[in-house]
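Listed here are the chains, written in short residue letters.
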Amino acid sequence: MTTSHFTRRRFLGASAAVAVGAAIIPRHVLGAGQQPPSETVTGALIGVGGRGLGSWGAMGLGNPRMLAVCDIDDEHIAKGLKSPHASPETKGYKDFRHVMDRKDIDVICIATPPHWHALQCIAAAQAGKDIFCEKPMTKFIAEGRAVADAVAKHKVIFQIGTFGRFKSDRAVHKLYGSGLVKESGVLVRATVPLRVGRTDLEEGTPAPPELDYDMWLGPAPFKPYHPLRVHYNNRFYWDYEGGDLTNFGHHRIDPFNYQYAKDDTGPVEIEPHGQFPQHPDAVGPWGWVELKYADGVRFVVETGKWGTPYDRPAGKTPSLTPEDQEKLDAMPDPEPLVSFRDAIRTRQQAGGHAEAAHRSVTALHLANIALRVGRKLRWDPAAEQIVGDEQANRFVNIPMRAPWRL
Amino acid sequence: MSELSPEVAAVLETLPCDEYATAEKLFEQLLTGGPDVIRQLVVAVGPKFGDAGGVKPKYAVHGLTVYAGRPGADGQRRLVAGALAKELGAEHSDELKAFLCRQLQLCGTAGEVPALAGLLKSDRLCEPAAQALQAIGGNAALKALRGAQEKADGDRKRTLDQAVEFVSNQ
């Protein structure tokens, strides 16, 4: 069976009545190191610069056929086409929408700047393609809701590009997911780097000819081109990302969210400690942000490099009554999280699924919003709205530059 | 052009602050100066996107925007938003006006809709003005966007069509 006209994943989807195992040639039949064609996934990499080629490997799909590389920079496309993952069948694209049109591509690997993630995830879901999306999942909160909804509606597999949750303590997950913990003084602290954007960038220069700057900007507000705002440096400007708080923060909070069973909720209070005001354009210095959940659990993300150190003590670790312990013991243990590879194969939800990724990055976006408005916030995780602060809510759903929209 | 008063210049030197309480005192001090101080700060931001000399004034204008936008400070918010909106009609560069629109996207209210609506005919400023109107929302913003939509074409029409849809769905 080839994948050129009838991809493996669609074959599985269309053959629900047939035992899945019968459709797959076992690896051992072919010998060590051989990958059976029926296990070969076809994919496209969108965003080839920086982390892109690393993301391709991080998907954990063995040796997927790279049918397309896509980037708004010609030099990045050339780099992708020369990579060890590429082959003569790999084609280069500048517009991701043309990649979505290809029926022979199963998986989209998204490693673009974060202000593009949501729109490309949604386009992939609408095209019926499975998604591996680099962290942070989104640029603002409403995007994450739209992605999670699109993934659910179109029944595609989504995996965020962070894997710490796969090593989380499932016993703790079981305890906090049981509903038996009413109040907890647990405090989890996580450190991220402190890197800031430049506030004194001189006037920009014309964009280089190899870069389609209008497409690079996409949904972000128009600002004159400057080389220190693009190609990785974008991380440190609010229009495109939220600094290392969302960049590395997504790695830190995602295992916490799974372990403490927060994949369907969020913090209820967010308290910042950072420089004020923050610059309107560039990410600035900050010390810590405390995120408090309804059960009392606190997650503190901190830099350790600025301001007054966080010094609040942990509270009491919860203990169960013998009766509750019996109830907990009677509950089934949580199933191991499903890898992206197995999720594609079995159509089960991947461990780092879209709703979980949205909840993880939402907490980080809230931390950044609190730093930017310089005040404590209250969050309603069910309504996904900041409570009693009309201005802060304006950061939750940010208008996009036309024609790009959720 | 307004010159920065020595008092305002002294405040600028202390921005940004390491403590919220310190910032609060400074912004209260700036707000007692009323619209004239805000105008001084806007002028000092400078005409270009990356004016190096405008870094501190930019902190100040943005700081006022978010400080006055806090819950329960409606009077201060009206003062700041009204003063920023007035500058949209003054002789400033498009880049400076785009920056002001971004601030009104955070603190603007129905009172600033007419000033923002006046920019919807500009090729450069239609986008930031429309986005500020989307953030403000409500009937006044919708009416302004629809009014400009009818006569727009090209990129402006695209921007306004999208903005009308955004506000209509709120």
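The notes below deal with the structure included here.

**Quick notes on the overall build of chain B**
- Looking only at helices and strands, chain B has 10 helices and 0 strands in total.
- Of the regular secondary structure in chain B, the N- to C-terminal order runs α-α-α-α-α-α-α-α-α-α.
- Relative to a compact globule of 170 residues, whose C-alpha radius of gyration would be 15 Å, chain B shows 16 Å and is just as compact.
- Principal-axis analysis of the C-alpha atoms places the extent of chain B at approximately 50 × 35 × 25 Å.
- Looking at chain B residue by residue over its 170 residues, the buried ones come to 52%.
- Of all intrachain contacts in chain B linking residues separated by at least 6 positions in sequence, the fraction that spans at least 24 positions is 63%.

**Section: the interface of chain A and chain B**
- Listed by partner, the interface residues are 30 residues for chain A and 31 residues for chain B.
- Per-class residue counts for the side of chain A that touches chain B are 11 nonpolar, 9 polar and 10 charged.

**A word on the environment of Met59(A)**
Residues and elements named next belong to chain A.
- With respect to the helices, strands and loops of the structure, Met 59 is situated in the loop between α4 (52-58) and β2 (65-70).
- Taking the number of C-beta atoms within 10 Å as the measure of exposure, Met 59 has 21 and is therefore buried.
- Distance from Met 59 to Ala 382, taken between C-alpha atoms, is 31 Å for residues 323 residues apart in sequence.
- In this structure, Met 59 is in contact with Cys 109, Phe 132 and Phe 340, ignoring residues within four places of it in sequence.

**Things to note about the sheet that holds strand β3 (residues 91-93) of chain A**
All names here are of chain A.
- One open sheet holds the 6 strands; their spatial order is β3-β2-β1-β4-β5-β6, and the pairing between them is parallel. Looking at which strands have only one partner, the edges of the open sheet turn out to be β3 and β6 (158-160). For this sheet the average axis-to-axis angle between neighbouring strands, irrespective of direction, equals 20 degrees.
- Taken together, the 4 bridges between strand β1 (residues 42-46) and strand β4 (residues 107-110) define a ladder with parallel strand orientation. In the strand pairing of β4, Leu 45 is matched with Cys 109.

Conventions used here
- Per chain, residue numbering runs from 1 following the sequence as it is written.
- Chains and ligands are labelled by the order in which they are written, letters from A for the one and numbers from 1 for the other.
- Local features in this predicted model are restricted to residues of pLDDT 70 or higher, and side-chain atom pairs are both shown and tallied only at a pLDDT of 80 or more, whereas totals for entire chains, interfaces and linings draw on every residue.
- Helix and strand assignments come from DSSP, with helices taken as H or I runs of at least 4 residues and strands as E runs of at least 2, each series counted from the N terminus.
- Between the two quantities, the radius of gyration covers C-alpha atoms and the globule rule is 2.2 Å times the number of residues to the power 0.38.
- Working definition of burial: number of other C-beta atoms within 10 Å of the residue's own, with buried at 20 or more, exposed at 12 or fewer, and partly exposed in between, all C-beta atoms being placed from the backbone.
- Residues are treated as contacting if the C-beta atoms built from their backbones sit within 7 Å of each other.
- Under the convention adopted here, Pro, Cys and the residues Ala, Val, Leu, Ile, Met, Phe, Trp and Tyr are nonpolar, Asp, Glu, Lys and Arg are charged, and Gly plus all remaining residues are polar.
- When DSSP finds two or more bridges between a pair of strands, those strands are recorded as paired.
- Here, axes are lines fitted to C-alpha atoms. For helices the fit covers the stretch in contact, and angles between N-to-C directions go from 0 to 180 degrees.

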